[in-house]
Every structure is written in structure tokens, then in C-alpha cells.
Amino acid sequence: MNHDEIRPAGADDVPAVKAVTDAAFSPYIERIGVVPRPMEADHAADVAAGRVFVTGDPVVGLVVLEAYEDHLFLDSIAVHPDTHGQGVGGRLLRFVEARARALGLREIRLYTNVMMWENRKIYPKYGYEVVGRRVDGPYARVHYRKVLD
């Protein structure tokens, strides 16, 4: 199997999706004071709905996407900490753009927690612009969008 391949997740991938998501987001629990929302997602339901795409064998990264009429929402991106610096996140973000284009969508939207400053440094490097800040319950979020040409 090509380690760079990004493919739809199957039911057999659910434990890995949970493990990678937990590994990626658990370091933020103490910093933000709550469990990050991706850790509480119903991974099996997301996989069954065709919203999850994974890379690696074993899985080292994933995205959770939701297509709307006018944009693709990047609900979650997770890269296992053991593979940081290997380009997995960049490959996943490029995949999200390709997926949006394939679906005929010209905009990608996402948000991240205000306290996840590592992410807030990455998204602008890939052409995402801040479009707002909102507080949703215990989560203070920075919203981004990228308009595709």
C-alpha cells in the first residue's frame, strides 16, 4: 500500500481513527481546559457516512469533511504526533482542496480553538484567512476560510 495514499476510511479503520484523533488532540486538554470536540465525535458514524479519509498503513493521519451547498467544511484534521514534521498534514490539506474541487466547491471552511496556536500558524501558510472568532459553549474558536481559484 502507498503510504501517501489518502482513501475513504472503512469500518475496520474506526479504532485507528479514534486512536489518531485522541493522540493528536489529547495534548490540548490541559491547555484549553476541556476535551477537544474531535475526541468526542462519533467516529463510527462519521466513517459510515463517508466523511472520514485516512492516510498511512497503519493510519497516521485523517480528515473529517462535510460537504455543504456552497463550501466544504473541514471538521477535523488529525496527525499522529509520532509523524509530525513528515508532511502528513500538508498532504491532507492538499487532499481537502482536491476534494472540494472534485465536488465543484470553491470554498473550504474550518475552525480551530484559540488556544491551539500551533494550528493557527499552519493554516495561513496554506492560504486560509481568518474570517471571525466565536465562542461556542466552552470553546473559543477562530474561523478560517480558503477560496479556491
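Placed above this text is the structure.
This is a predicted model, so every value here is computed, not measured. Counting restarts for each chain: residues are numbered from 1 in the order of the written sequence. Local features in a predicted model are, by the rule used here, given only for residues with pLDDT of at least 70; side-chain atom pairs are given and counted only at 80 or more, and totals for whole chains, interfaces and linings are based on all residues. Each side-chain value is derived from all of the structure's non-hydrogen atoms; neither hydrogens nor water enter the calculation.

### Structural notes on unusual backbone geometry
The omega torsion of the bond from D57 to P58 falls at 5°, within 30 degrees of zero and hence cis. Secondary structure elements follow DSSP: runs of H or I no shorter than four residues count as helices, runs of E no shorter than two count as strands, and numbering proceeds from the N terminus. With respect to the helices, strands and loops of the structure, P58 is situated in the loop between strand 2 (52-55) and strand 3 (61-67).

### Digging into the sheet that holds strand 3
Spatial ordering of the open sheet is given by 1-2-3-4-5-7-6, a layout of seven strands whose pairing is mixed. Among the strands making up the open sheet, the edge pair consists of strand 1 (6-8) and strand 6 (129-136). Recorded for the sheet is a direction-independent mean angle of 30° between the axes of neighbouring strands. Bridge analysis of strand 2 against strand 3 gives four bridges, and the strand direction is antiparallel. In the strand pairing of strand 3, V52 is matched with V64. Running at roughly 160° to strand 4 (residues 72-79), helix 4 (residues 88-102) makes contact with strand 1, strand 2, strand 3, strand 4, strand 5 (107-113) and strand 7 (139-147) of the sheet. Note on definitions: a residue-residue contact is assigned when non-hydrogen atoms from the two residues lie within 4.5 Å. For helices, the axis comes from a line fit to the C-alpha atoms of the stretch in contact; other axes are also lines fit to C-alpha atoms, and the angle between any two N-to-C directions lies between 0 and 180 degrees. With respect to the sheet, helix 5 (residues 117-125) is in contact with strand 4, strand 5, strand 6 and strand 7, its orientation differing from that of strand 5 by roughly 160°. By the convention used here, strands pair only if DSSP detects at least 2 bridges between them.

### Considerations on the pairing of strand 5
Two faces belong to every sheet, and in a regular strand the side chains alternate between them. A large share of strand 5 lies buried, amounting to five of its seven residues. The pairing of strand 4 with strand 5 spans three bridges and is classified as parallel. Each residue of the ladder has a partner; that of L74, found in strand 5, is L110. When the strands point away from the viewer, a crossover counts as right-handed if the path from the first strand over the helix to the second runs clockwise. A crossover links strand 4 with its parallel partner strand 5, the connecting element being helix 4, and its sense is right-handed. Both strand 5 and strand 7 contribute to a ladder of seven bridges, which runs antiparallel. For Y111, the partnering residue across the bridge sits in strand 7 and is H143. A 1.4 Å probe rolled over the protein chains alone gives each residue an accessible area, and that area as a share of the maximum for its type sets the label: buried under 20%, exposed over 50%, partly exposed in between.

### Focus on the environment of V20
If you trace the backbone, V20 turns up in helix 1 (residues 14-25). Exposure remark for V20: the relative accessible area of 2% places this residue in the buried category. Separated by 59 residues in the primary sequence, V20 and V79 place their C-alpha atoms 6.6 Å from one another. Not counting residues within four places of it along the chain, the set of residues in contact with V20 comprises V59, V60, G61, L62, A78, V79 and H80.

### Notes on the environment of A67
Tracing the backbone through its elements, the reader meets A67 in strand 3. For A67 and R99, which are 32 residues apart along the polypeptide, the C-alpha to C-alpha distance reads 9.6 Å. With residues up to four places along the chain from it excluded, the contact list for A67 reads L72, L103 and L105.

### Brief notes about the packing of aromatic side chains
Any two rings among Phe, Tyr and Trp, with Trp reduced to its six-membered ring, count as a pair given centres within 6.5 Å; such a pair is stacked if its planes are under 30 degrees apart, edge-to-face if over 60, and tilted if neither. The final tally for this structure, using the stated rule, is five aromatic pairs. Consider the rings of F73 and Y111, whose centres lie 5.5 Å apart with planes at 45°: the pair is tilted. Linking F73 in strand 4 with Y111 in strand 5, this pair joins segments that are 38 residues apart in sequence. Between Y123 and Y144 the ring centres are 5.4 Å apart and the planes differ by 55°, which places this aromatic pair in the tilted class. Here the residue Y123 occupies a position in helix 5, and Y144 occupies one in strand 7, the gap between them amounting to 21 residues. Neither residue differs from the other here; Y123 and Y144 are each classed as buried. Through pairs of rings, three or more aromatic residues link up here, namely Y123, Y128 and Y144.

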